[in-house]
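Fold and geometry: a report
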Amino acid sequence: MYHVKEAFYTLQGEGSQAGRASVFCRFSGCNLWSGREADRTTAACRFCDTDFVGTDGQHGGRFSSAEALANHLAVLWPDQDGHNARATTPYVVFTGGEPLLQLDEALIREMHARGFEVAVETNGTLPAPAGIDWLCVSPKGNNALAITAGNELKLVHPQADAPPTRFTRLDFDHFFLQPMATGPTVPSGDALPDTMAETVAYCLAHPQWRLSLQTHKIAGID
């Protein structure tokens, strides 16, 4: 049984794939926080801004098989016949919560069978199943990483117990710093000015790292 908080068609908001049309599938549950505010101060990750509890979001639900969930997600991708000179490869992003609590090879195979490229954004503390096409790891605090190689490492910054220097020698193709959004947001819908300034300054001083923004919030989309 797969438990999905929500699924929707949108534009990827962050990192290397920002601006790309995507079907997002947000799984319920996480191994670093229960999702309940009462547990935040004692959680292994305390700054999450995402609701991943339950299955009551748009196109959310419980799915008894990989085939059933793949069919559910595939219909969210728009029909391209007659609309584009060149068809675009469908793209699905599995996220959470923590997607690797539920994502398995069976679901990846079903998405591939429907022509989808499969992306994952994970906290990196659990092993990844085979077959993922784009793997993004977003480390949280001092939690040990089970995944130390992939396409993209996207670090929310600053984290006192997760300095960028801890990750610079890992085997990723791209390294991003994303300003932590804490408390009230600036009019753009992104991070507070102090975390923005600190992140920009770090990227300028350490050009291995590129700036990532939550462009979906700036654009006002899911």
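Scroll up for the structure.
Source: prediction; values computed, not measured.

**A closer look at the pairing of strand 8 (residues 171-179)**
- By the bridge criterion, eight bridges tie strand 7 (residues 149-157) to strand 8 in an arrangement that is parallel. Looking at strand 8, one finds that Glu152 is bridged to His174.
- Examined bridge by bridge, strand 8 and strand 9 (residues 210-211) share two bridges and lie parallel to one another. Within strand 9, the position partnered with Phe176 by the bridge is Arg210.

**A few points about helix 1 (residues 66-74)**
- By the burial criterion, the buried members of helix 1 are Ala66, Leu69, Ala70 and Leu73. End-on view of helix 1: buried residues confined to an arc of 100°, all on one side of the axis.
- If you follow the buried residues of helix 1, they end up packed against strand 1 (2-11), strand 2 (21-27), strand 3 (61-63), strand 4 (91-95) and helix 2 (105-113).

**What to know about the side chain of Glu98**
- Structurally, Glu98 can be placed in the loop between strand 4 and helix 2.
- Of the side chains with opposite charge, Lys140 lies nearest to the buried Glu98, which makes no salt bridge, at 6.9 Å.
- Not counting the four nearest positions on each side in its chain, Glu98 is found in contact with Gly29, Cys30, Asn31, Thr122, Asn123, Gly124 and Leu126.

**Quick word on the packing of aromatic side chains**
- In total, this model carries eight aromatic pairs according to the counting rule given.
- Aromatic side chains Phe27 and Phe94 sit 5.6 Å apart centroid to centroid with 15° between the ring planes, which places their arrangement in the stacked category. In this pair, Phe27 sits in strand 2 while Phe94 sits in strand 4, placing the two residues 67 residues apart along the sequence.
- Given the relative accessible area of 0%, Phe27 is considered buried.
- Phe94 gets classed as buried once you look at its relative accessible area, which sits at 0%.
- In this structure, Arg20 is placed above the aromatic ring of Tyr91, and the distance from its NZ or CZ to the ring centre is 3.8 Å.
- Here the basic side chain of Arg40 rests over the ring of Trp33, its NZ or CZ set 4.3 Å away from the ring centre.

Thresholds applied
Residues numbered from 1 in each chain as written. Predicted model: local features only at pLDDT ≥ 70, side-chain atom pairs only at ≥ 80, totals over all residues. Heavy atoms only, no water. Pairing = 2+ DSSP bridges. Helix = DSSP H or I, 4+ residues; strand = E, 2+ residues; numbered from the N terminus. Buried < 20%, exposed > 50% of the residue type's maximum accessible area, 1.4 Å probe, protein only. Arc of directions from axis to C-beta. Contact = heavy atoms within 4.5 Å. Lys, Arg positive; Asp, Glu negative; His and termini not counted. Salt bridge = Lys/Arg side-chain N within 4 Å of Asp/Glu carboxyl O. Phe/Tyr/Trp six-rings, centres within 6.5 Å; stacked < 30°, edge-to-face > 60°. Lys NZ or Arg CZ within 6 Å of the ring centre and 35° of its normal.

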